[in-house]
Amino acid sequence: MSTIIQAQQLSKSFGQHQVLTALDFTIEAGEPIALIGPNGAGKTTLFSILCGFLAQDRGSIEIFGQKPGSDGLSGRVSALPQDAMLDPNFSIGTQLTFYGQLQGMTKATAVAETRRVLALVDLTDYFSQKATVLSHGMRKRVAIAQALLGQPELVLLDEPTAGLDPVNALQVRQIIANLTSEATFMISSHNIFELERLCGTVLYLEHGKLVQQRSVQQGAVGYLSLQLENADAALVLNVLRQLPGVNSVENAQKNEFAIHYDRELAPDLDMTLIGVLRAQGWQYRSLTQGRTLEQQLFAVANG
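Basis of the calculations
Residues numbered from 1 in each chain as written. Predicted model: local features only at pLDDT ≥ 70, side-chain atom pairs only at ≥ 80, totals over all residues. Heavy atoms only, no water. Helix = DSSP H or I, 4+ residues; strand = E, 2+ residues; numbered from the N terminus. Rg over C-alpha atoms; globule rule 2.2 N^0.38 Å. Contact = heavy atoms within 4.5 Å. Lys, Arg positive; Asp, Glu negative; His and termini not counted. Charge placed at Lys NZ, Arg CZ, Asp CG, Glu CD. Disulfide = S-S within 2.5 Å. Salt bridge = Lys/Arg side-chain N within 4 Å of Asp/Glu carboxyl O. Buried < 20%, exposed > 50% of the residue type's maximum accessible area, 1.4 Å probe, protein only. Pairing = 2+ DSSP bridges. pLDDT = per-residue confidence, 0-100. Core = buried A, V, L, I, M, F, W, Y, C linked by side-chain atoms within 4.5 Å. Axes fitted to C-alpha atoms, helices over the stretch in contact; angles between N-to-C directions. Parallel < 35°, antiparallel > 145°, perpendicular 65-115°, else oblique. Left-handed = near helix turned anticlockwise from the far one by under 90°. Nonpolar A, V, L, I, M, F, W, Y, C, P; charged D, E, K, R; others polar.

1. Observations concerning the overall build of the protein chain
Within the protein chain, the regular secondary structure consists of nine helices and 13 strands. Taken over C-alpha atoms, the radius of gyration comes to 21 Å for the protein chain, in line with the 19 Å a tight globule of 303 residues would show. Taking the principal axes of the C-alpha coordinates as reference, the protein chain spans close to 60 × 55 × 35 Å. Contacts in the protein chain between residues at least 24 apart in sequence constitute 67% of all its contacts with a sequence separation of at least 6. If you average the places of the 22 positive and of the 28 negative side-chain charges in the protein chain, the two averages end up 5 Å apart.

2. Section: the environment of Arg76
Inspection of the secondary structure puts Arg76 in the loop between strand E4 (58–63) and strand E5 (77–80). Here the alpha-carbon distance between Arg76 and Val155, two residues 79 residues apart in the chain, equals 8.5 Å.

3. Re the state of the cysteines
Applying the stated rule across the entire model yields zero disulfides. Looking at the unpaired Cys199, the closest cysteine sulfur is the one in Cys51, lying at 17 Å.

4. Considerations on the side chain of Thr45
Its location among the elements puts Thr45 in helix H1 (residues 43–51). Once residues within four sequence positions are removed from consideration, Thr45 is found in contact with Lys12, Phe14, Val19, Leu20 and Leu54.

5. Remarks on the pattern of salt bridges
Tallying each qualifying case throughout the model produces five salt bridges. Notably, a salt bridge pairs Lys12 with Asp57, separated by 3.7 Å at the nearest N-O pair. Of this pair, Lys12 sits in strand E1 (residues 3–14) while Asp57 sits in the loop between H1 and E4, and the two are 45 residues apart along the sequence. Judged by its relative accessible area of 38%, Asp57 falls in the partly exposed class. The closest approach of N and O atoms between Glu113 and Arg116, which form a salt bridge, is 2.6 Å. Of this pair, Glu113 and Arg116 both sit in helix H3 (residues 107–120), three residues apart, which is roughly one turn of the helix.

6. Here's the deal with the pairing of strand E3 (residues 33–36)
Of the two faces of E3, the one carrying Ile33 and Leu35 and the one carrying Ala34 and Ile36 are both buried. Where E3 and strand E7 (residues 184–188) come together, three bridges link them in parallel fashion. Paired with Leu35 across the bridge in E7 is Ser188. Both E3 and strand E8 (residues 201–206) contribute to a ladder of four bridges, which runs parallel. Its bridge partner lying in E8, Leu35 is registered against Leu203.

7. A closer look at the confidence of the model for the protein chain
Chain-level statistics for the protein chain give a pLDDT mean of 88 and a share of 91% at 70 or above. Within the protein chain, no element has a lower average pLDDT than helix H9 (residues 292–302), which sits at 47, and none a higher one than H3, at 97.

8. Points about the nonpolar core
Residues Ile92, Leu96, Phe185 and Ile187 are the most contacted members of the largest nonpolar core, which totals 38 residues. When sequence neighbours within four positions are dropped, the list of residues in contact with Phe185 reads Pro32, Ile33, Leu148, Val155, Leu157, Ile176, Leu179 and Thr180. One finds Leu23, Leu35, Leu73 and Leu154 within the second-largest nonpolar core, a separate group that totals 25 residues.

9. Some words on the packing of helix H2 (residues 92–102) against H3
Helices that pack against each other are described as a pair by the angle of their axes relative to one another and the distance between those axes. Packing of H2 against H3 leaves a shortest axis separation of 8 Å and a crossing angle of 120°. The angle between the axes of H2 and H3 places the two elements in the oblique class. Crossing geometry of H2 relative to H3 is assigned as right-handed. For the pair H2 and H3, contact is made by Ile92, Gly93, Leu96, Thr97, Gly100 and Gln101 and by Lys107, Ala110, Val111, Thr114, Val117 and Leu118, respectively. The residue makeup of the contact of H2 with H3, split by class, is six nonpolar, five polar and one charged.

Right, here's the structure in full:
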């Protein structure tokens, strides 16, 4: 594997406020990287430095051996801010084509590239539509398409599924998973379930310091927690226990079910489960993954 990002003693402050303190880390090409930490931990500042929008006060950082913001990184690094917006006055195709031309593409190349990235996010038919006709989830997918223009090698995503319902969030995760062979993604998110499913490495920031850099360990046994509205517990237990890969289902509390399953036999059990909920007409409050990554992070951080 090749090194993408190398940071040594990276520090940044705003006035008297120290935002990042002596970060040392190395990122290799490959599986997505999770950037996690509480609000104010320095995640957005780190992303801004990686994009070349901010300069560090001390230390060094290189992307592909070059300083962030260098001309040599043009087209190789892209970013999706959490609050990325689309102009309601222009079609999706016009906007993405314009962004492609800003990268130096000819108009014909930019149009072709726009159609390519819209196909990646399953929005080919919306080339001529304006953003006003899109749902929130579809707008997020267009924003991801924009970040994929020009086939960048490193893609920085800030809260890519924030505010999305479970189905749209799942679609976004699938898009990222399908593209991991083409680009390395660095994802900032508060959704530990999302990060556990997607990422191979996690950087945990707290108070501007790198508390941990570790590999995401996934055991063979998976765990899902399902909370339903006014469920017939006996029927739910009977249906869920018959799903392929499910080892056991427990009704720990009223309308809450703990599902233990084999990750190898049912790697996408959450997708299967959403289909079952629809087919049965069951209304659910939440569906969450086990806390394996959360426990790994905070057991060490608090220990």
